[in-house]
Amino acid sequence: MKEEDHLEEKNPMEDLLRMDRIPHIWCPGCGIGTVVTSFAEALRKSKIDLDKTAIVSGIGCTGRVAGYVKLDSFHTTHGRAIPFATGLKLANPELKVIVFSGDGDIAGIGGNHFIHAARRNMDMIVICVNNFNYAMTGGQVAATTPTTANASTAPYGNYEYSFSLPYLAEASGATYVARWTALHLRRVAKSMQEALGKRGFSFIEVITPCVTLYARRNRLGDGLNLMKYYYEKSEIQHGADTRTVDISYQGKLIVGKFVDKEKPTFLDCMNEHLGKVLGDKYKSYGVSHE
Amino acid sequence: MKEEDHLEEKNPMEDLLRMDRIPHIWCPGCGIGTVVTSFAEALRKSKIDLDKTAIVSGIGCTGRVAGYVKLDSFHTTHGRAIPFATGLKLANPELKVIVFSGDGDIAGIGGNHFIHAARRNMDMIVICVNNFNYAMTGGQVAATTPTTANASTAPYGNYEYSFSLPYLAEASGATYVARWTALHLRRVAKSMQEALGKRGFSFIEVITPCVTLYARRNRLGDGLNLMKYYYEKSEIQHGADTRTVDISYQGKLIVGKFVDKEKPTFLDCMNEHLGKVLGDKYKSYGVSHE
Amino acid sequence: MVYFGDLKEKKGKIHIDKDRCKGCKFCVEYCPKDVLEMSEEFNVKGYHPPFIKNEDDCLYCQLCETICPEFAIFVTLKKEEEEGEKGESRS
Amino acid sequence: MVYFGDLKEKKGKIHIDKDRCKGCKFCVEYCPKDVLEMSEEFNVKGYHPPFIKNEDDCLYCQLCETICPEFAIFVTLKKEEEEGEKGESRS
Amino acid sequence: MKKVKADPKGVLTGAHYLDGDYALAEGALAAGCRFFAGYPITPSTETAERFSERIPSVGGVFIQMEDEIASIAALIGAVWGGKKAMTVTSGPGFSLMMENIGLACMMETPLVIANVQRGGPSTGLPTLTGQQDMMQVKWGSHGDYEIIALCPDSPQECFDLCIDAFNLSEIYRVPTFIMADECVGHMHEKVVIPPAEEIELVERKWFKGPKDKYLPYKPDKDMIPFMVKAGDGHRFHTTGLTHDERGYPALNAEFQEVCVRHLVEKIRMNADKIIKLEEDEIDNAEIIVISYGITSRVTTRAVQQARKAGIKVGTIRLITVWPFPEKRIKELAKKIKAFVVPEINYGQIVREVERCVEGQAPVIHIPHCGGWVHDPDEIFKAIKEASK
Amino acid sequence: MKKVKADPKGVLTGAHYLDGDYALAEGALAAGCRFFAGYPITPSTETAERFSERIPSVGGVFIQMEDEIASIAALIGAVWGGKKAMTVTSGPGFSLMMENIGLACMMETPLVIANVQRGGPSTGLPTLTGQQDMMQVKWGSHGDYEIIALCPDSPQECFDLCIDAFNLSEIYRVPTFIMADECVGHMHEKVVIPPAEEIELVERKWFKGPKDKYLPYKPDKDMIPFMVKAGDGHRFHTTGLTHDERGYPALNAEFQEVCVRHLVEKIRMNADKIIKLEEDEIDNAEIIVISYGITSRVTTRAVQQARKAGIKVGTIRLITVWPFPEKRIKELAKKIKAFVVPEINYGQIVREVERCVEGQAPVIHIPHCGGWVHDPDEIFKAIKEASK
Amino acid sequence: MSEIRFSGFGGQGIIRCGLIAGKALSLFDNKQATMTQSFGPEARGSACSSQLVVSDDRVLYPYISAPEILISMSQEAYEKYEPELRDDGILLIDKDLVKSKPSRGKIKTYSVPSTRFAEELGNRIIANLVMLGFFTAITRIVSPEAMKKALPGLVPGRFLELNKKAFDKGYEYGKKILTEEKKPKKK
Amino acid sequence: MSEIRFSGFGGQGIIRCGLIAGKALSLFDNKQATMTQSFGPEARGSACSSQLVVSDDRVLYPYISAPEILISMSQEAYEKYEPELRDDGILLIDKDLVKSKPSRGKIKTYSVPSTRFAEELGNRIIANLVMLGFFTAITRIVSPEAMKKALPGLVPGRFLELNKKAFDKGYEYGKKILTEEKKPKKK
Ligand SMILES: Cc1ncc(C[n+]2csc(CCOP(=O)(O)OP(=O)(O)O)c2C)c(N)n1
Ligand SMILES: Cc1ncc(C[n+]2csc(CCOP(=O)(O)OP(=O)(O)O)c2C)c(N)n1
Ligand code: SF4
Ligand code: SF4
Ligand code: SF4
Ligand code: SF4
Ligand code: SF4
Ligand code: SF4
Ligand SMILES: [Mg+2]
Ligand SMILES: [Mg+2]
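These numbers were taken from a predicted model, which means no experiment stands behind them.

Caption draft 1: Fine view of the overall build of chain C. Within chain C, the regular secondary structure consists of 2 helices and 5 strands. Moving toward the C terminus, one meets the helices and strands of chain C in the order β-β-α-β-β-α-β. With 91 residues in all, chain C has 57% of them scored as buried. A fraction of 55% describes how many contacts in chain C between residues 6 or more apart in sequence connect residues 24 or more apart. As displayed, chain C offers around 4000 Å² of accessible surface, 54% of which is attributable to carbon and sulfur atoms.

Caption draft 2: Structural context of the interface of chain A and chain F. Each side of the interface is counted separately: chain A has 19 residues, and chain F has 19 residues. When chain A packs against chain F, close to 1300 Å² is buried across both sides, 52% of that on carbon and sulfur atoms. Its largest share of buried area at the contact with chain F, chain A owes to A:I109, A:T153 and A:Y156, together 33% of the area lost on that side. Run the count over chain A and chain F and you get 0 salt bridges. In this structure, the connection of chain A to chain F is made through 8 residue pairs in polar contact (both at pLDDT 80 or more).

Caption draft 3: Looking closely at the coordination of the magnesium ion (ligand 9). Residue and element names in this part refer to chain A. Within the protein, the magnesium ion (ligand 9) binds to D103 (OD), N131 (OD1) and N133 (O); these donor distances fall in the range 2.0 to 2.2 Å. Between consecutive donor residues of the magnesium ion (ligand 9), the sequence gaps follow D-x27-N-x1-N. On the criterion of sequence distance, the pair formed by D103 in helix 5 (residues 103–109) and N131 in the loop between strand 4 (124–130) and helix 7 (165–172) is long-range, its members being 28 residues apart. N131 carries the same exposure label as D103, and that label is buried.

Caption draft 4: Spotlight on the site of ligand 2. Lining the immediate environment of ligand 2, one finds 24 residues, of which B:C61, B:T62, B:D103, B:D105 and E:E68 sit closest. In this structure ligand 2 sits where residues from chains B, E and F come together. Between ligand 2 and B:D103, the relevant distance is 2.7 Å, taken from an oxygen atom to a side-chain nitrogen or oxygen of the residue. Measuring from an oxygen atom of ligand 2, one finds a backbone N or O atom of B:G104 at 2.8 Å. Calculation on ligand 2 without its partners gives an accessible area of 590 Å², and the protein chains cover 99% of this total. Listed by contribution, the elements that provide at least two residues to the shell around ligand 2 are helix 5 (103–109) of chain B together with helix 4 (91–106) of chain E.

Caption draft 5: Quick look at the coordination of the magnesium ion (ligand 10). All names here are of chain B. Note on the magnesium ion (ligand 10): its protein donors are D103 (OD), N131 (OD1) and N133 (O). The metal-donor distances range over 2.0 to 2.2 Å. In the primary structure, the donors to the magnesium ion (ligand 10) are separated according to the pattern D-x27-N-x1-N. Pair noted here: D103 is in helix 5 and N133 is in the loop between strand 4 (124–130) and helix 7 (165–172), with a separation of 30 residues, a long-range link.

Caption draft 6: The interface of chain E and chain F, seen in detail. Contacts between the two partners involve 59 residues from chain E and, on the opposite side, 60 residues from chain F. Summed over both sides, the interface between chain E and chain F buries roughly 5000 Å², with carbon and sulfur atoms accounting for 58% of that surface. On the chain E side of the interface with chain F, the three residues burying the most area are E:W139, E:H142 and E:Y346, jointly 17% of the side's total. Where chain E meets chain F, there are 4 salt bridges. For F:R355, the salt bridge identified is with E:E354, shortest N-O distance 2.8 Å. Linking chain E with chain F are 38 residue pairs in polar contact (both at pLDDT 80 or more). For the side of chain E that touches chain F, the elements supplying multiple residues, two or more each, are helix 4, strand 7 (125–129), helix 5 (136–139), helix 8 (253–268) and helix 12 (349–357) of chain E. In terms of residues, the side of chain E that touches chain F owes the most to one element, helix 4 of chain E, which gives 9 residues.

Caption draft 7: Representation of the pattern of salt bridges. Residues and elements named next belong to chain F. According to the stated counting rule, one finds 146 salt bridges over all chains in the structure shown. Of the charged contacts in the structure, one is a salt bridge between R307 and E281, with a shortest N-O distance of 3.4 Å. Taken together, the residues R307 in helix 10 (residues 294–308) and E281 in the loop between strand 13 (277–280) and strand 14 (287–291) connect sequence positions 26 residues apart. On the accessibility criterion, R307 (23% relative accessible area) is partly exposed.

Caption draft 8: The confidence of the model for chain A, seen in detail. Residues of chain A with pLDDT of at least 70 account for 96%, and the chain-wide mean is 95. Low pLDDT (under 50) marks residues 1–7 of chain A, which in the prediction has 6 contacts with non-local residues, meaning those over four places away or in another chain.

Cut-offs used in this document
- Residues numbered from 1 in each chain as written.
- Chains lettered and ligands numbered in written order.
- Predicted model: local features only at pLDDT ≥ 70, side-chain atom pairs only at ≥ 80, totals over all residues.
- Heavy atoms only, no water.
- Helix = DSSP H or I, 4+ residues; strand = E, 2+ residues; numbered from the N terminus.
- Buried < 20%, exposed > 50% of the residue type's maximum accessible area, 1.4 Å probe, protein only.
- Contact = heavy atoms within 4.5 Å.
- Areas by Shrake-Rupley, 256 points an atom, 1.4 Å probe, with all protein chains shown as cover.
- Buried area = accessible area lost by both parts, 1.4 Å probe.
- Salt bridge = Lys/Arg side-chain N within 4 Å of Asp/Glu carboxyl O.
- Polar contact = N/O pair within 3.5 Å; in protein donor to acceptor, adjacent residues only side chain to side chain.
- Donors = N, O, S within 2.8 Å, 3.2 Å for Na, K, Ca; no water.
- Near = heavy atom within 4 Å.
- pLDDT = per-residue confidence, 0-100.

Below is the structure:
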């Protein structure tokens, strides 16, 4: 309490984060916290009503994000953040719903929900922190681990092909798709802000250092090294064809905003279609009648 | 028994089908049986060792296929044919493994396994009978139901977007992707034969009439009408960009072989990679050493 | 009961297991030579199976065999000609 | 314990909560004006937090605030200037 | 507990000829359920079909999800979004829901799940009846928890218990299950739906205090914490991890004791209030037949026979199966010559009976493999045997 | 039952300092397991990690699947492909596996699943111990079935029981479970791995008859049908539906009775052969403490204390928890003053004890919420209380 | 208590027969009627049936074992279900689609050209309604008024009148047969 | 029976200390040693510890409650765990990283500049081995031979010699301290 007296102004994060839970659990040098600050910046700049904004996470290091962000926040089960968010959004359409979770959570166990929510153009923003491994459980290989990279369950190096998440997202129907590295601070925030200002299924992949596991096992140095490394390997190609943006172990990282289009959301479609078929009998759902 | 005496030669299907289980459960006019005959033709023509060929189905009308084909055959759980087949193939790499199942099974509940098996380029052939609905359970809406088409859980017409399965398959990593209608008898068989002659993850979608549910509910006539209808709506575009082949309710059906490329399979990658890293200590798996 | 066409010596033979038939008409409709026709008679299941109207025209293309969803028709060939891509016009 | 730089009247002020710091050096490394530097001192957690080397150079771009994964630095501005896209050069 | 009248919009007042599945959908709509997420599976799909048909005119959402896991996850989300929500399934889908049923318990989320049971295990007998998931509903998810499970014996009761289920789930903030069976789910009978004003509903236990004072897991006097919905400015947190009353993760044995004991005790300590039994001629019974669901109807026929034969038989129909009526069974065990327990499985609820009877009287199980109901004669014979 | 010696390739003979998870992997390799499909989850992941490290030099496949459902499905496939196969998981993953555990039961597929239990429900206490899935392993999938479940109390026993589990699964063609707990899974102790020739394995019950005469579900004299693998020319069929001995769907009550009763009886009727208990000073015990897993070690300390205090305490350690040793408990119930049952849950296996004791003696449960083990004093106090 | 089975093949509206009769009895004739049907793949494309158990009190056993009334609209269904009909039961068949064997015991057989009548009325699809009318007349287990009241909601609104017509056709035909049956006695 | 806790912060090789000592005791010194550690997010980046319960017989209670030996390689760990140390326990600390309070009861405190020694040997990372050597010398609970035999497999092969050197360094330092401790008595 006394320390607070010294502060002439309060940390602007205080409105956005649960300061009573800081320090967070993330390792020194982990990039997840940085993605969260970008998110906080996006929230602030977008000027959306934070009381009407909800965040849903699955399980994982990244999955802990929901616990630190001072919104209505849900820490669900591994892989199920998206269907949880679907229910949340449909039950209360006035909410802005953000799913913030890890690559394993969203594209590993949760892959089916990911593609189906994208297909439905469910109105939500999915922020996926891709640290190329299952960090929370100790650095196992993931569907995003670049081929040849080391992981605890790929002790001789990964020999599986990895997903290109932007490609998968677009093929499934996402209307906004972007990829950045965590160090693209402002661009990450800007993408998030754009997505917050849009309706439909938005997907933002943020390549982020996992210093304790991925970096250590692959001898990629500390968090700072890896932050820098990803950044330096990146090349901005806005509007790049998502078929061309796959990631190889030490290769170039194509980043940028790849897709940004308009398409009616699930609820738009439902209301429009039922309105057309049922006529006046049907009252648009989620549009305030009261 | 007596009837058999009248036959001078036996039904060539007898080697390939479990005739003791015929009549099958499919409705009069259902196209699944026709896809099976095309498959039988492909099996016959490909001259592969049928004792080393296994078929795996999930649950659904199409899921019953495994029960009628006289191969080592597995009728698993809904959506899990692909991971089951993965285990089967990896345990006994000399097997040719075919997954034969419905659209709901493969792209609905089983979607995650589908994209991950494609990602791994798991050596198997996935034949998906797309009848645009969940038939076995009574004609519910599916992830493949064209927008506006009717289904028992979309009683006023479907207002969701539907997957374009070839696009999804390619984006996930499939090395062979084709689509036909059931009436493209020989082309279906030929695609299957091509896939049987290939290694890697092959995906063949066959648009097939469900006469009892989809056709009836959408007033599309009987099985014959629908067979014809799909066929007539189809347009062969070999090598078409899979991004352009989505299906709309009464629209054109783009069919053809869209993707056909070579890429090491999961086991190829494993053997090559471990061989490289571990050197002589490592003995290639699934390659006969005995 | 198995039904099959008349047995004049031909390049092959069409076999119809009429009790297997569920009367979908696929074979009749898609036979390129109009060899088959639906009969008036009912089979044990209560469906009208096809009968062979004019086997003389038959190409033994086996399309009827491949299209029949009930495995109720098959065509046997005198010589081993199954390899060709007959009936491709239809497919 | 909260640490902050010297309080000369400036466009803004950098606040460092040094006990929150986990010593990742992100802020030091990416400050465009080299305002920050890691100190030798340990914080309660046993990490070296940064200190403000020369606030005079500070642009108040808030990059340090956005990059800090521990929410340990923040910058307050005299005028409401948060709207701009400062520090974009880095992103 | 605040009681309110049903919203007439959802209530199809009148006499109808419905099967159990349809009646479940009507019950849900009458109970104010406005969100349904599901995945087709025989023999429960008709509930989803009817809901999808009716909801556009009532106002709400039906969504067919990509699988059962997504369905239950969406349900939990929807409840935290402020709606009453339901799903239906059968064995295979029920098994898939297990993990997220645990989440619903941990987050103390009121919702209703109906399992229209078919023959198992695995795909089993998809279209035929069974009562084989009765232990699963209590034990199928990992960890310690308690739930409420009700068993309807008719389409009418599918309607009635669906309303009860919603009410109980709201009172105790607990997932509540309707363990129907294919026979009841697929039989058509007369179902009378009362006028809305005769349907009493329990309103969600809304938190009315200041926005920043909300503690999602602080038990109220009645043990049950208050609820809010997302979007109301409370900025609350909830997690499937062991948590404190703020809903923050608290990962040690101390908080585990508080958090999980609460989940268990809020049901165990209120068991008497929750449990609903239908007892018949218990008072001077020598034999008591305990049954539930469709089996209790078949039992009644056997019992009529037995009574005609002069045997003093009482019956207990378990409307609530979980929490199990331990106290009542223990009480009766002392007075009774034998218990007879027919159920369509190889011995599930009978184990609870055995446990509670504590050897005071023989417990005779009449198993049935599933796919059909018991032959009343078989039950009659067992009663006769027991009465000797 | 054909017994063979272990293949030396997989056996890391010698003394090692291993945790329970690693020991499980070594047990599997020694038992001839050559296929592992899994998905990471604390506190079981180390088993997968070790298997992935060891298998390339042994010959076999490790694959990390996209989730636990895929893992268990792949396992079943791999077994039908001819391999011995295993997976490990913990609560949340275990819940997800439930549907396909039913498939494994229905297809009578021998395989081994280890659940290294952590605190639940839901995500609960991911890194801390629990014994809360003990009923789930028996009841977690829909429908009637029986399984075998073993509980190791040390890394050494993780190794030993893993071999037993593979053997039992092959003998009875049934999924067999190792219900470890985080404490045992994560503790390092000395593990002695014997030479391969001292490890006795049960060979799969291979069918040797003519190719077209194979009936996958025709029980042999010992009730257990023969197995084949895909690729050997039998062209067999198997399904999760109720089936006849050919493995063809047979969807009616008659076949359900044959098919499912068989699944249940092959275990129930062989229970005496399957069950392994460790009994200590039972003969003139007044109090018997029943426990399993890590709790039995803590119990031993309490029992030592009690014996010092002059109380006649015997112990039963349940090495096999399922099938539950009904007969033995019933037998002892008559002679004993009281049973004490400590377990790290709010009452699971104690219910079985209660059921079997049939009121012949009080059964005192010592619950523990999870996240830690019992304080031996607590157990001692309960023993003292019981002995009064 | 009565047990009734409607049978035929898929697409003939056999389930609907059970539904209409069950609804009529339950809602308008003060009876308790439980209707069940066979589901599943087995039910596809082959014999199809719906069963009614009718009682003044609550129906306890939901399935039928020995119906006293069997309605068969296809040969296959007839072959399959005839054996279970009670010795003193009533058999109603479609004259053109079912060839019945000489009846056993005291079974009374009545036939109606329901499909032909339906075709005459313009649509085969309403053969089931002709049969229901016939059934109502012959068995007198349910009142014709109740049956007609039961139709709305169970037949498409635009076909309601046609369905009623079909019902009447069958009903009248049944009445006639009954009268004729009595006539011979006079002789 | 003894209870031992190694503590420090993540990355110092604290778990490895437990593993090496446990292995040495269990495999080469004929003791039974059960090693446990804290897992979980809580263990990240802050105090980290591994525990050993050592006994001639089977270890029954796997956790420690009142260790007689506490090794602390960070201030935070020291602050956290010191209170649980037995009144007659032994405390081993890194001289440079931990500032200990005046010791309570009969606790004996020994300190070693393990990190400094390790740096002198060329790598901070082996400070834990220095500490282990020191621990071995001071506590005499495990033999130095056993400890060295335990190293292979637990430290990277190419660093084996370096690790041994670090161990020796700590061990010698401990020996010296003990001798010195005796010396004053002579005075
Ligand atoms: C059903 C289930 N399976 C497995 C786990 C264990 N688990 C927790 S987090 C995690 C992986 C997280 O990886 P990712 O989503 O990439 O997040 P990260 O930790 O890398 O940020 C896993 C497998 C779980 N909690 N639930
Ligand atoms: C876990 C689970 N959920 C639901 C079902 C019910 N079910 C059986 S088949 C099926 C749909 C089949 O649809 P599709 O795969 O398209 O096959 P089709 O019948 O159309 O050929 C469903 C939902 C099931 N068996 N298991
Ligand atoms: S383990 Fe990796 S992802 Fe997780 S907090 Fe540490 S650095 Fe970040
Ligand atoms: S329901 Fe449809 S898909 Fe299924 S068998 Fe009948 S026609 Fe074919
Ligand atoms: S073989 Fe060809 S031509 Fe002959 S009947 Fe069949 S389809 Fe017609
Ligand atoms: S295709 Fe087969 S089922 Fe169809 S009409 Fe011809 S013979 Fe009959
Ligand atoms: S505000 Fe900008 S210039 Fe100033 S210290 Fe921070 S990063 Fe450096
Ligand atoms: S970025 Fe934050 S945590 Fe990192 S050194 Fe700077 S103040 Fe410390
Ligand atoms: Mg990750
Ligand atoms: Mg389908």
